[in-house]
Structures are given as structure tokens and as C-alpha cells.
Amino acid sequence: MQNVMERYQTFRQVVDDITLMNNRFMNKVFDGNIPATQRMLRVILKNDKIKVRKVSVQQWLQNLYGHSAQLDILAEDEHGTQFNVEIQRSDEGASVQRARFYCGALDMHFLDRGKKYETLPDAYVIFITESDVLKNGRPLYHIQRSVDETGEAFGDGSHIVYVNAACQDDTPLGRLMQDFNCNDPAKMHYKELADTVNYFKSTKEGEIDMTDIIEAYAENRAEKAAKEAVAKAEKKAEKKAKKAAHQRNVEVAKDMLADNMSIESVARYSKLSEEEVRALAAKQSA
């Protein structure tokens, strides 16, 4: 019985602590959730006219001849504009090359055979990152192509947006990022997000739906603990080896000093510092 209780307590702790910055949980909250997705996009893009008509998560864009892409969130508005939203807690996962690739993947996926290039819908690739990946201290970065010689927008309909989730000021975007980092739905600002987060955290049905997330979390935690244990053991072994090597060098230095070799020579051949050799010489002559 105790083990069952301990497992449930662990389960509840994970559920209580998890936030929308966990991409698995974010997928749960936004899957088919048009109101929450629409609110998020309106705030990030500062456009209250966006009307989302469908949204899905973990959408695979297959590439038969190269790398495929699995999108966290893929939404479409009433005009056919495509919105891909990715949560990234690691800077490596939000590289500018990945943003470029995802833009291309969207283009390849949504231009049907026989259609003219001019029918290609606008596409947004949005990275919500835990830290300031582009490192300019801004809450939002909106990247579009422009003509170098004139500075004018190229207007090809492709957009890359980076949202710095570390900026949580008292602005619409800052409050949205507060919500993404908040584990208590009662303290969230946007009702569209809070209602769904509350469902997963406070209802029996939501708990059941969270089981796969908790299992994945447990696996990740066990894997992390194993890696930390290995790293700790390796560090301990390395420290022990360095200590043994240093002791051997000390013994070599003592023998060389006993043969009346110079301090400089002893330091050179024993790989000890001259200060260490002088201290050994002082002890031997005492």
C-alpha cells in the first residue's frame, strides 16, 4: 500500500509542478483547442483578427528524400495561413537553421501538385524558448526576408518568430509567458489556457489523460539520474587517478632530491611546480 501511495504522490507532484513549457503538456493543452491556440497566436502576433479554424499537435511532415519534421502545434486560420508553434527549453533545439528548415517543410507540405506558387499560403514558424536564444534582450523577434539594396520587405509570406519566455513583464505577451511558466491555473491570466490546464490538473479524467506524460517524465528522470550517477563515478575515479599520479610524482621528486639534483631539474622531470619541490626539499633537509 505504501508503494502505491508513494507512486501516486509522485504522480501528483509532477502534475502540480508541470507547466506549458513542457512540450508534452503543451501538446495536451492545445490539441484541438481552438480558443487557446487563437488566444496564443493573437497575443504573440499582436493581431486580434486571427481566427483559427483547426489545430493539431505532433503533426508529421514527411519528406521521402530527406529529413522529416514533427511539429509541436500546427494551426490554420480562415485564410489558410499556417502557424507552427514549437516549445524549446534548449537553445540547440531552436537554431536558426531549424527555423529555416521548418519554413521549407511547411511550404513543401502545403503546396499541392499542380497548384501555382502564388497560391502558397503565408506560414509562421514560432519558437517559444525558455531563454533569450538570440541574446538581444528582447521579448519578441520577428524575422522576415528583405531586399538588402532597398531595405524593403521581400513579401514572400514566410515569417519566423522567436518568443523569449524569460520576459514576463506586465504586457499581453509578458502575461502570456507568465502563464506558460505558471503551474497553478488559478493564477493564470488567460482563461482559454487556464480552463484547459485546470482540467488536466484538477479532474479525474484529466489525471488519466496525463498518465503518458507522467510515465515519460519518470523515464526521463530515471535516465537523468543514471547519467548523473555515471558522471559522478567517472569524476570520482578521475580525481582518484590524479591523486595517485601526483603521489607518484612526489616520490620521484624525493628520489631526485636525495640525489642532489637541482630544484629546476626536479620540477621539470617530476612535473611538480618549483614551489612544491622547494617544500619537499625543505622537509627533507629538516
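As a reminder, the structure under discussion sits directly above these lines.
Just so you know, the residues in each chain are numbered from 1, in the order the chain's sequence is written. Only residues with pLDDT of at least 70 get local features here, since the model is predicted, and only at 80 or more are side-chain atom pairs given and counted; chain-wide, interface and lining totals rely on the full set of residues. Side-chain calculation: all heavy atoms of the structure are included, whereas hydrogens and water are not.

1. Overview of the overall build of the protein
- Assigned secondary structure in the protein consists of ten helices and six strands.
- At 29 Å, the protein has a C-alpha radius of gyration far larger than the 19 Å of a compact globule built from 286 residues.
- Between two residues, a contact is recorded if the distance between any of their heavy atoms is within 4.5 Å. Considering only contacts in the protein between residues 6 or more positions apart, those separated by 24 or more positions represent 54%.
- Total accessible area on the protein is roughly 17,900 Å²; 50% of this is exposed by carbon and sulfur atoms. Under the DSSP-based scheme used, a helix requires at least four consecutive residues in state H or I and a strand at least two consecutive residues in state E, with every element numbered from the N terminus. Based on C-alpha atoms, the radius of gyration is set beside the globule rule, defined as 2.2 Å times the residue count to the power 0.38. Reported accessibility uses the Shrake-Rupley method at a 1.4 Å probe radius. Residues are deemed covered only where the shown protein chains occlude them.

2. Quick word on the side chain of T129
- Inspection of the secondary structure puts T129 in strand β4 (residues 123-129).
- Residue T129 is classed as buried on the basis of its relative accessible area, which comes to 3%. Here the term buried applies to any residue with accessible area under 20% of the maximum for its type, exposed to any over 50%, and partly exposed to those in between, with areas from a 1.4 Å probe on protein chains only.

3. Digging into helix α3 (residues 34-45)
- Each residue after the first adds 1.5 Å to the expected span of a helix. The terminal C-alpha atoms of α3, which comprises twelve residues, lie 16 Å apart, in line with the 16 Å expected from a rise of 1.5 Å per residue.
- In terms of residue burial, α3 counts as a mostly covered element, since nine of its twelve residues are buried.
- Backbone nitrogen of A36 and a side-chain oxygen of the N-cap are separated by 3.1 Å at the start of α3; the cap is N33.
- Remark: K46 follows α3 within two positions and exhibits a positive phi of approximately 55°. Whenever a nitrogen or oxygen atom comes within 3.5 Å of another N or O atom, the pair is scored as a polar contact, on the condition that within protein one atom can donate a hydrogen and the other can accept it, and that pairs from neighbouring residues in sequence are kept only if both atoms are in side chains.

4. Focus: unusual backbone geometry
- For K135, which is not glycine, the phi dihedral falls at a positive 55°.
- Here K135 is to be found in the loop between β4 and β5 (140-143).
- Positive phi, normally seen in glycine, also occurs at K271, with a value near 65°.
- On the secondary structure map, K271 appears in the loop between α9 (263-270) and α10 (274-285).
- The exposure class assigned to K271 is exposed, which follows from its relative accessible area of 70%.

5. A few points about helix α4 (residues 96-110)
- For α4, which comprises 15 residues, the first-to-last C-alpha distance of 22 Å matches the rise-based estimate of 21 Å (1.5 Å per residue) to within 8%.
- Lining the buried residues of α4 we find β1 (52-61), β2 (69-77), β3 (82-88), β4 and β6 (158-164).

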